[in-house]
Amino acid sequence: MIQSVDVFQDIKTAMPEVATAAFALWLLVFSAFKKHQAFAVASFLSCAFLVGIIVVCFGMFGQYDEPVVAFGGLYIQDYFSLSIKMLIALGTLISLIYVYFDMKQTQIGRFEAPVLMILSMLGMFFMVSAHDLLTLYVGLELQSLALYILASFNRHSYKAPEAGMKYFILGAIASGMLLFGMSFVYGFAGHTGFGVLEEVLNGTTYNVGLTVGLAFMLVGLAFKISAVPFHMWTPDVYQGAPASVTAFFAIVPKIAAICLIMRLLNGPFGGLQDQWVQIVYALSMASMVLGAFAGLVQTSIKRLLAYSSIGNIGYALMGIVAGGADGGASVVVYMTVYMIMTAGTFGVVLSLRKGGVAVEEIADFKGLSKTSPFHAYAMTLFMFSLSGIPPLAGFFGKLVVFKAAVDSGYIVLAVIGVLTSVVAAYYYLRIIKTMFFDEEDAGMDEIQIVPYAAQHGTLVATLAVVVGFCVVPAVLIEYAEVLVRSLF
Amino acid sequence: MLASLVFYTFGFILILSSLFVITARNPVHSVLFLILGFFNAAGLFVLLGAEFLAFILAIVYVGAVAVLFLFVVMMLDISFADLRKDAMQYVPVGLLVGGVLLIELTMVFMSWQASPELAQNIAHPIDAAAQANNTKALGLILYTDYLLIFQMSGMVLLVAMIGAIVLTLRGRSGVRRQDVSKQVSIKRADVVEVQKVTSGTGI
């Protein structure tokens with residue numbers, strides 16, 4: 001690894017973060033002085049900036065064949081972090097399009113929403129580039145704090161403050177757990193840098209205090225990805241937050257958190273694999289089972305998607321359990337596919353409005369095949385993909401994860417994964433049944449379709465990826481294998 | 001001898017005032033005991049030779065946080081006695097969970113073993129010349145080695161500030177705001193009207 005000393009060199013290495021921070025500050029001041037249409041202008045500028053950030057990350061690719069550590073070992077830039085940042089920026093871009101049109105319809109839009117999303121993205125960038133426990137923690141806090149505010153953004157709803165408050169208090173407890181665990185690790189090693197930790201921890205034999213610290217850290221992080229049994233906040237927050245903000249919650253922060261966990265467990269804690277594998281195994285299994293069974297009884301589409309995301313995190317964790325470059329690559333593939341599928345699903349949900357607000361109940365989908373065949377068929381494809389039916393993208397996501405698990409000898413976990421995805425298929429297919437076979441109720445004509453071309457364009461794009469993935473599945477899988485190489 | 005006497009005095013008052021914080025009936029008394037607790041904790045930091053942390057504790061926690069608490073407690077009309085009534089039912093579960101955790105952590109600390117590289121790692125960021133004065137030592141590394149974290153913390157605080165404004169600020173109607181340029185640029189004709197009033201009639 002190259003250790004740079006020059007601060008300008010460091011800034012160049014951390015270009016995506018520096019640019020994002022500068023843009024967020026500028027946008028905040030610019031929008032505050034803009035009297036009219038501040039929300040629309042801020043959203044548009046943010047979208048343009050996000051496209052720019054993706055290009056910047058792509059352009060930086062060539063210079064990071066070898067990981068570069070900057071800011072005195074606090075920050076790392078490599079293939080992995082750059083690729084994941086592109087993914088995060090893409091997810092934020094899609095969410096921002098949803099947020100703009102959703103808040104425009106519900107008239108709660110203010111320019112702070114895009115600013116907070118950009119700042120949250122900045123936190124996620126630091127999470128995937130963390131090379132020190134401190135960077136990890138502050139990045140995580142920056143990300144979560146912006147999300148807490150976004151959750152209660154709609155002050156006119158009585159559910160939104162509840163969602164924000166629940167998220168905030170439980171998030172604060174989780175952060176406390178994480179810090180407590182970190183203090184154990186620091187107490188053992190005397191350092192918080194990943195590089196030093198890796199050296200110190202690699203040679204250690206079993207140590208109770210260190211394992212307790214690791215367990216506490218995993219509890220804190222499991223909360224952030226809403227893995228069972230730390231998932232309790234997810235359905236309430238998803239239901240209470242504005243629908244487009246829920247989409248943001250479901251699509252983006254989880255990628256950052258899962259990638260952070262991968263870097264943490266394979267880097268500094270790589271030597272303690274025997275200890276963390278059991279914890280992650282249990283989290284994975286519990287998430288898959290609960291995600292599948294609790295989803296069966298839901299009537300709200302947002303709660304259903306919350307349980308779906310809990311289940312999906314279980315599958316992603318299976319890839320981490322499998323370990324090694326194959327496991328890591330499978331996680332990246334799974335999360336990418338999950339992001340696109342979920343973005344598409346939320347795209348459909350957000351396109352259907354009832355009294356200006358996105359539809360809430362599964363019953364609202366009754367007879368959609370007649371009122372809007374395009375949305376009904378799009379939703380059908382996303383649901384098939386989420387339940388893992390070939391040849392859609394979701395199938396390949398599950399396939400690589402299961403394959404990695406079986407190759408590493410975790411056959412029981414893989415079998416449970418297959419069984420729970422069969423159970424989960426029930427509730428995905430139930431939505432299809434509701435759309436195509438249920439008679440519409442008397443109040444059905446209230447459902448309106450949003451007229452915005454950009455939102456439908458996003459929907460079509462995600463649909464194209466989900467369907468077209470089977471043509472070139474190897475591209476993403478091979479690419480994922482290359483980029484996780486910098487982790488191992 | 002003297003040092004341990006001071007330590008036990010600070011420690012005893014700290015524990016005692018913490019107890020009063022949660023048992024005092026009047027919430028204002030609770031906050032005042034909290035402030036006493038902070039000062040004693042600051043005293044313990046001084047004993048440890050961490051005078052910078054002691055200052056921070058006194059300035060930030062006593063000067064800002066506790067005073068803010070005091071304002072909130074005095075401004076909001078919350079009946080803390082009612083809140084506490086319901087809270088009592090959770091005490092047994094809380095004690096059970098807390099007790100189990102305490103026993104477990106005691107066991108962990110009893111068998112605590114640090115890494116052999118600990119001493120060498122822990123000394124890493126501090127310049128030997130600044131050892132004697134930890135305010136200086138912190139100052140030397142905070143803006144150099146830990147520049148990134150420092151700036152990131154600034155962004156976290158910015159987000160908190162945006163959040164406070166977003167969640168509470170609302171546009172009010174019917175508020176008269178002072179507009180200096182409007183006041184200055186006003187013409188006599190805009191505000192004064194001369195009327196000829198014939199005697200015996202009104203305007």
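Undergrad: When you look at the overall build of chain B in this model, what are you seeing that I'm missing?
TA: Of the regular secondary structure elements, chain B holds 10 helices and 0 strands. When the helices and strands of chain B are placed in sequence order, the string is α-α-α-α-α-α-α-α-α-α. Radius of gyration (C-alpha) of chain B: 29 Å, far over the 17 Å computed for a compact globule of 203 residues. The dimensions of chain B, computed from C-alpha atoms along their principal axes, are 105 × 50 × 35 Å. Burial statistics for chain B: of 203 residues in total, 20% are counted as buried. When contacts within chain B are restricted to residue pairs at least 6 apart in sequence, those whose partners lie at least 24 apart make up 53%. Summed over all atoms, the accessible surface of chain B reaches about 15500 Å², with 70% contributed by carbon and sulfur.

Undergrad: What's the story with a nonpolar patch on the surface in this structure? I'm lost.
TA: All names here are of chain B. Together, Phe 12, Ile 13, Ile 15, Leu 16, Leu 19, Phe 20, Ile 22 and Leu 36 make up an exposed nonpolar region whose accessible area comes to about 750 Å². Sorting elements by how many residues they give to the nonpolar patch places helix α1 (residues 2-23) first, with 7 residues. Considering the arrangement of structural elements, one finds Leu 36 in helix α2 (residues 27-48).

Undergrad: How do you make sense of the sheet that holds strand β5 (residues 357-358) of chain A when you look at a structure like this?
TA: The strands that make up a sheet are held in pairs by hydrogen bonds between backbone atoms, and each pair lies either parallel or antiparallel. All names here are of chain A. Taking strand neighbours across the sheet as the criterion, the 3 strands line up as β5-β4-β6 in an open arrangement whose pairing is antiparallel. Edge positions in the sheet fall to β5 and β6 (447-449), since each has one partner strand and no second. Note: strand β4 (residues 352-354) against β5, 2 bridges, orientation antiparallel. Residue pairing for β5: Arg 353 is matched across the bridge by Ala 358.

Undergrad: Where do I start with empty space enclosed by the protein in this structure?
TA: If a probe the size of a water molecule is rolled over the atoms, the empty space left behind becomes visible. All names here are of chain A. One pass over the structure, following the stated rule, counts 4 cavities of 30 Å³ or more. The calculated volume of the largest cavity comes to roughly 110 Å³. In terms of lining, the largest cavity is formed by 13 residues, of which the most central are Gln 143, Leu 147, Tyr 167, Lys 224 and Pro 253. Tallied by class, residues from the lining of the largest cavity come to 9 nonpolar, 2 polar and 2 charged. The volume enclosed by the second largest cavity comes to roughly 70 Å³. Forming the walls of the second largest cavity are 14 residues, and the residues nearest its centre are Gly 311, Tyr 315, Ala 424, Tyr 427 and Tyr 428. Elements that contribute at least two residues to the lining of the second largest cavity include exactly α13 (273-294), α14 (301-322) and α19 (411-437). Residue composition of the lining of the second largest cavity, by class: 7 nonpolar, 6 polar and 1 charged.

Undergrad: Mind showing me how you'd approach the domain arrangement of chain B here?
TA: By a widespread convention, an interface's size corresponds to the accessible area lost as its parts come together. Residues and elements named next belong to chain B. We note that the domain assignment places domain 1 (1-81) and domain 2 (131-166) within chain B. Distance between the C-alpha centres of domain 1 and domain 2: 24 Å. Listed as interface residues are 4 residues of domain 1 and, on the opposing side, 4 residues of domain 2. Roughly 330 Å² is buried in total at the junction of domain 1 and domain 2, and carbon and sulfur atoms are behind 49% of that figure. It is Gly 49, Glu 51 and Phe 52 that lose the most area in domain 1 upon contact with domain 2, and together they represent 88% of the buried surface on that side. Our enumeration of links across domain 1 and domain 2 arrives at 0 residue pairs in polar contact (both at pLDDT 80 or more).

Undergrad: Is there a simple way to think about helix α7 (residues 134-142) of chain B in this case?
TA: An α-helical turn contains 3.6 residues, so a residue and the one three or four places further along point in the same direction. Residues and elements named next belong to chain B. Turning to α7, its buried residues number three or more, namely Asn 134, Ala 137 and Ile 141. Considered in projection along α7, the buried side chains sweep an arc of 55° and stay on one side of the axis. The inward-facing, buried residues of α7 contact α3 (51-75).

Undergrad: Would you mind going over the side chain of Glu17(A) with me for this structure?
TA: Residue and element names in this part refer to chain A. Inspection of the secondary structure assignment puts Glu 17 in helix α2 (residues 15-32). Under the relative-accessibility criterion, Glu 17 is labelled buried at 2%. A polar contact of 2.6 Å, which involves the side chain of Glu 17, links it to the side chain of Tyr 75. In this structure, Glu 17 is in contact with Tyr 75, Lys 85, Leu 122, Phe 125, Phe 126 and Ser 129, ignoring residues within four places of it in sequence.

Undergrad: Can you walk me through the nonpolar core in this structure?
TA: A general feature of soluble globular proteins is that nonpolar side chains tend to end up buried together. Within the largest apolar cluster, 198 residues are counted, with the highest numbers of intra-cluster contacts made by Ile88(A), Phe269(A), Trp276(A) and Ile320(A). For Ile320(A), the contacting residues outside a window of four places in its chain are Ile258(A), Ile261(A), Met262(A), Leu265(A), Trp276(A), Val280(A) and Val331(A). Counting residues in each nonpolar core, the second largest holds 5 residues, with Phe184(A), Val212(A), Phe216(A) and Val108(B) among its members.

Undergrad: Help me out: how do you make sense of the interface of chain A and chain B in this one?
TA: Each side of the interface is counted separately: chain A has 40 residues, and chain B has 33 residues. Summing the contributions of chain A and of chain B, the shared interface buries around 3100 Å²; its carbon and sulfur component is 79%. Taken together, the links from chain A to chain B amount to 0 salt bridges. Taken together, chain A and chain B are joined by 4 residue pairs in polar contact (both at pLDDT 80 or more). Among the secondary structure elements, those contributing two or more residues to the side of chain A that touches chain B are α2, α5 (112-128), α6 (133-151), α7 (159-189), α8 (194-202) and α9 (208-224) of chain A. Of the residues forming the side of chain A that touches chain B, the biggest block, 8 residues, is contributed by α6(A). Grouping the constituent residues of the side of chain A that touches chain B by class yields 29 nonpolar, 8 polar and 3 charged.

Undergrad: What exactly am I supposed to notice about the environment of Met177(A) here?
TA: Residue and element names in this part refer to chain A. When you line up the elements, Met 177 lands in helix α7. Taking relative accessible area as the criterion, Met 177 reaches 29% and is therefore assigned partly exposed. Measuring from C-alpha to C-alpha, the distance between Met 177 and Gln 278 comes to 19 Å, with 101 residues separating the pair along the chain.

Undergrad: Any chance you could explain the environment of Ala256(A) here in plain terms?
TA: Residues and elements named next belong to chain A. For Ala 256, the position within the fold is in helix α12 (residues 253-266). According to the relative accessible area criterion, Ala 256 is buried, its value standing at 0%. On a C-alpha basis, the gap between Ala 256 and Ile 301 in space is 25 Å, while along the polypeptide they are 45 residues apart. Contact partners of Ala 256, with chain neighbours within four places excluded, come to Ile 88, Met 124, Met 127 and Val 128.

Parameters and conventions
- Residues numbered from 1 in each chain as written.
- Chains lettered and ligands numbered in written order.
- Predicted model: local features only at pLDDT ≥ 70, side-chain atom pairs only at ≥ 80, totals over all residues.
- Heavy atoms only, no water.
- Helix = DSSP H or I, 4+ residues; strand = E, 2+ residues; numbered from the N terminus.
- Rg over C-alpha atoms; globule rule 2.2 N^0.38 Å.
- Buried < 20%, exposed > 50% of the residue type's maximum accessible area, 1.4 Å probe, protein only.
- Contact = heavy atoms within 4.5 Å.
- Areas by Shrake-Rupley, 256 points an atom, 1.4 Å probe, with all protein chains shown as cover.
- Patch = residues over 30% accessible without salt bridge, like charges linked within 9 Å, V, L, I, M, F, W, Y side chains within 5 Å.
- Salt bridge = Lys/Arg side-chain N within 4 Å of Asp/Glu carboxyl O.
- Pairing = 2+ DSSP bridges.
- 1 Å grid on protein atoms, 1.4 Å probe; cavity = no way out; pocket = protein on both sides within 12 Å on 5 of 7 lines; lining within 4 Å.
- Points joined across faces, edges and corners; volume = space filled by probe spheres on them.
- Nonpolar A, V, L, I, M, F, W, Y, C, P; charged D, E, K, R; others polar.
- Domains from an automatic or database assignment.
- Buried area = accessible area lost by both parts, 1.4 Å probe.
- Polar contact = N/O pair within 3.5 Å; in protein donor to acceptor, adjacent residues only side chain to side chain.
- Arc of directions from axis to C-beta.
- Core = buried A, V, L, I, M, F, W, Y, C linked by side-chain atoms within 4.5 Å.

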